[in-house]
Amino acid sequence: MTVLLLILVALGFLSIVVEDVVHIDKAKTTLFFGSLVWVLFFIAPPSHLTHDALMEQLNDQLLDIATLWLFLMAAMTFVAYLSGKGIIDGIVNKLMPSRMSERKLMIMTGLFAFLFSSMADNITATLVCIAVLMNLRLPAKKLLRYVVLVVFSVNAGGTALITGDVTTLMIFLADKVEIVDLLVLSLPAFVAVMSLAFMLSLGLKGDLELEKRDITFGHGDKAVAALFFMTILTTIGANVAFGIPPVLTFLFGLSLMFMVVQFMNKDEPVLDYIRKIEFDTLLFFLGVLLLVGMLKELGILAYFPKLYDIMPTLAANYVVGMVSALFDNVPLTAALLKSGIEMTLPQWLTLTYSVGVGGSLLIIGSAAGVVAMSKVEELTFASYLRYAGYLFVAYTVGFFGVLAIGVML
């Protein structure tokens, strides 16, 4: 049964890769295989597991999925409202110059995504960045380059903050690194982003002409925009100060948005914006997380600490980062921490960077990539893979930059 489940999980991930060939939406195939493996797991469970143990494992998986679903729903509703009201387009219109080179836009995109993801979570940062890029109406081939940079940048931006990436928080709570040590990760991570921006900008020679318009917003719309920004800041502060889960803060912010619109834009059907959310994105997440959860239950992730028995520590850290593009980096990091592996500070810093940024190497390797693939029709597993060489170079530049700074510490 274990072999059969592994084959079905592999087929589930393969269905994402061949979506353009079979023309079946990846949300449908991943949900099919993700739910199928869990049904079979209940029908023929390992002999040492009781029904209660099976239910506990499934409930743990569903809790993680529900938390992500609710957070995505809240963030995407905010973005849908702001985009539908033209607020995002208006902000871009006011901040951007009337003329800009495509290469300059690439640099600005990387910088904005990197900094914004340091304040917000990766999913929110990705949604906002893609909304801005979509409003520029770039040709499909050029848009892909900018979106690839966004995925890499938002993953790199949160690596140096305990509120920016779960794996960073896990390594910090395990007393492997200090906050001051983590902050220095920002420099090599930013260099990696700029390296990728430079490579992706090669061949871009055109200029963008932006039509400047006078856009006015209602008081209610301005209040919602301010509330969105405050929700992001409050999510970070509340999590650090009181340990409040980000999903709870965002749901409260969403409820405040409903109340603000109710009293300031009384005729606005605000609940309709929930219906504008791309639910195929949520179904895709559900399928992928069910597949990854099955790998965790089958104990596959427990084999990765053995890499350190056959490889030098730094080489293993580098490889683990690439592996995190295929497997959820949270259980992967947990397995490494529980294994009792001994590392120096520079080595722990390289691991923190690699598991945080390595997911960018494949479009399915991070939440940012999955959201981007669901929002941009032209972005597929194959189209993202065309930039694998650039991504590996940027990932490697950041990795050795972290190592160099870690040695100086």
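As shown above, the structure is provided for reference.
Let me begin by describing the structure that accompanies this report. Please read all numbers here as calculations on a predicted model, not as lab measurements.

1. Examining the layout of surface pockets
Estimates place the volume of the second largest pocket at around 610 Å³. Considering the residues around the second largest pocket, the lining is formed by 22 residues, among which Ile91, Leu95, Phe112, Val128 and Val132 are closest to the centre. Within the residue set of the lining of the second largest pocket, elements represented by two or more residues are α5 (87-95), α6 (102-119), α7 (122-135) and α12 (219-242). Ranked by residues supplied to the lining of the second largest pocket, first place goes to α6 with six residues. Classifying every residue of the lining of the second largest pocket by side-chain character gives 21 nonpolar, one polar and no charged.

2. Observations regarding the packing of aromatic side chains
Inspection of every chain in the model, using the stated rule, returns ten aromatic pairs. With a centroid separation of 6.2 Å and an interplanar angle of 85°, the aromatic rings of phenylalanine 78 and phenylalanine 250 are classed as edge-to-face. Residue phenylalanine 78 is located in helix α4 (residues 51-84), and its partner phenylalanine 250 is located in helix α13 (residues 246-264); the two are separated by 172 residues in the primary sequence. The buried category is assigned to phenylalanine 78, whose relative accessible area is 0%. For the ring pair tyrosine 353 and tyrosine 395, a centre distance of 5.9 Å and an interplane angle of 20° mean the geometry is stacked. Taken together, the residues tyrosine 353 in helix α19 (residues 345-357) and tyrosine 395 in helix α22 (residues 388-408) connect sequence positions 42 residues apart. The exposure class of tyrosine 353 is buried, given its relative accessible area of 1%. According to the relative accessible area criterion, tyrosine 395 is buried, its value standing at 0%.

3. Overview of a nonpolar patch on the surface
Together, Val3, Ile7, Leu11, Leu14 and Val17 give the surface a local cluster of nonpolar side chains, amounting to about 410 Å² of exposed area. Within the element layout of this structure, leucine 11 appears in helix α1 (residues 2-17). The exposure class assigned to leucine 11 is partly exposed, which follows from its relative accessible area of 36%.

4. Description of the packing of helix α17 (residues 313-323) against α19
Remark: α17 packs on α19, axes separated minimally by 8 Å, with the N-to-C direction vectors making an angle of 15°. Classed by the angle they form, the pair α17 and α19 counts as roughly parallel. For the element pair α17 and α19, the recorded crossing hand is right-handed. For the pair α17 and α19, contact is made by Thr313, Leu314, Asn317, Val320 and Gly321 and by Gln347, Thr350, Leu351, Ser354 and Val355, respectively. Its residues assigned to classes, the contact of α17 with α19 comprises four nonpolar, six polar and no charged.

About the thresholds
Residues numbered from 1 in each chain as written. Predicted model: local features only at pLDDT ≥ 70, side-chain atom pairs only at ≥ 80, totals over all residues. Heavy atoms only, no water. 1 Å grid on protein atoms, 1.4 Å probe; cavity = no way out; pocket = protein on both sides within 12 Å on 5 of 7 lines; lining within 4 Å. Points joined across faces, edges and corners; volume = space filled by probe spheres on them. Helix = DSSP H or I, 4+ residues; strand = E, 2+ residues; numbered from the N terminus. Nonpolar A, V, L, I, M, F, W, Y, C, P; charged D, E, K, R; others polar. Phe/Tyr/Trp six-rings, centres within 6.5 Å; stacked < 30°, edge-to-face > 60°. Buried < 20%, exposed > 50% of the residue type's maximum accessible area, 1.4 Å probe, protein only. Patch = residues over 30% accessible without salt bridge, like charges linked within 9 Å, V, L, I, M, F, W, Y side chains within 5 Å. Areas by Shrake-Rupley, 256 points an atom, 1.4 Å probe, with all protein chains shown as cover. Salt bridge = Lys/Arg side-chain N within 4 Å of Asp/Glu carboxyl O. Axes fitted to C-alpha atoms, helices over the stretch in contact; angles between N-to-C directions. Parallel < 35°, antiparallel > 145°, perpendicular 65-115°, else oblique. Left-handed = near helix turned anticlockwise from the far one by under 90°. Contact = heavy atoms within 4.5 Å.

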